Amino acid sequence: MANTMTLIASSTVGSGGSSSISFSSIPGTYTDLLLKVSLRSGASAYNDYVLLQFNSSGGTAYSDRQLTGDGSAASSGNRSGNAQMFAIASSGASNTASTFGNGEYYIPNYAGSANKSISLDAVNENNGTEAYANLSAGLWSNTAAITSIVLTNNSATNFVQYSTAYLYGVKNA
Amino acid sequence: MPNPTRIEINCETGVESIIELTDAEVKQMEADQVVAAARRAEEDAAATALATLKASAKAKLVAGTPLTEAEANTLVL
């Protein structure tokens, strides 16, 4: 079991916002990757999905199964054949001001030669009647080592100021 | 007015770059926003329809009246 965690890189979005956050030239020297994010988009909704793409590779290789609670009901579902991984819910512009969606993506064996499985969990913040908790199992059906990750959001709007992303490498000591 | 920007962090060097989108990338972003809004509307409509079916199924169960197949499907796990 991997038992150390090293910060590889991080970013905080500045005052103008940012359409995407990308990590390039990810070293292959770790066992797993852990990406911790705190994000808010410009979407006029309570719930905006974060999209995750590896190695700038789109196509139809991303799929996921998810469990979601929105504060009043629970639901489940699946997606397949997508060009990006539908990851967590970020907070949108309708959420309580200055709140962010927070989540983690864990990517084991990211540098290996098998397809890449990903676990994703997140919540978004809203001091109102609707907020989301999401747990997903994702799959990128591609055997290439992951060397870059791009984060965008489903509404194709900017991540707002103070959104953050921290990428950690995890390995055996 | 400048175009929106994107952030790229090179994990080998640690250098963070803030890169202005090209005009073509801005157009693509605007097109993606239209598609996303349409998809969102479809998802919202489907969620509303499902909630309506569930409520109807529950009311009929309580009243002891027959359910439609669509209503019954909302109860089968």
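Structure's up top.
One structure accompanies this document, and this report is about it. (Residues numbered from 1 in each chain as written. Chains lettered and ligands numbered in written order. Predicted model: local features only at pLDDT ≥ 70, side-chain atom pairs only at ≥ 80, totals over all residues.)

## Let's talk about the interface of chain B and chain A
- Tallying the contact residues gives 17 residues for chain B and 22 residues for chain A.
- Secondary-structure elements contributing two or more residues to the side of chain B that touches chain A are strand E1 (5–10) and helix H1 (23–63) of chain B.
- Here the side of chain B that touches chain A gets 6 residues from one element, more than from any other, and that element is E1 of chain B.
- Across the side of chain B that touches chain A, the residue classes tally to 7 nonpolar, 4 polar and 6 charged.
- Of the pairings in the sheet, the one linking strand E2 (residues 21–24) of chain A to E1 of chain B comprises 4 bridges and is parallel in character. Pairing of Ser24 of chain A across the sheet is with Asn10 of chain B, part of E1 of chain B. (Contact = placed C-beta atoms within 7 Å. Helix = DSSP H or I, 4+ residues; strand = E, 2+ residues; numbered from the N terminus. Nonpolar A, V, L, I, M, F, W, Y, C, P; charged D, E, K, R; others polar. Pairing = 2+ DSSP bridges.)

## Description of H1 of chain B
Residue and element names in this part refer to chain B.
- Look at H1: 60 Å from first C-alpha to last across 41 residues, which is about the 60 Å you get at 1.5 Å a residue.
- In terms of burial, H1 is a largely surface element, 1 of the 41 residues being buried.
- Just downstream of H1 lies Gly64, where phi reads positive at about 75 degrees. (Expected span 1.5 Å × (residues − 1). Buried ≥ 20, exposed ≤ 12 C-beta atoms within 10 Å, placed from the backbone.)

## What about the nonpolar core?
- One finds Leu33, Leu35, Val50, Leu52, Met85 and Ala87 of chain A to be the most contacted residues of the largest nonpolar core, which totals 39 residues.
- Here Ala87 of chain A is in contact with Tyr49, Val50, Leu51, Leu52, Tyr105 and Leu120 of chain A, once residues within four sequence places are set aside. (Core = buried A, V, L, I, M, F, W, Y, C linked by C-beta atoms within 7 Å.)

## Notes on the environment of Leu167 of chain A
Residue and element names in this part refer to chain A.
- Among the secondary structure elements, Leu167 is positioned in strand E12 (residues 164–171).
- Classification of Leu167 as buried rests on a count of 23 C-beta atoms within 10 Å.
- Sequence-wise, Leu167 and Tyr106 are 61 residues apart; in three dimensions their C-alpha atoms are separated by 10 Å.
- Contact partners of Leu167, with chain neighbours within four places excluded, come to Ile8, Ala9, Ser10, Phe23, Leu33 and Leu35.

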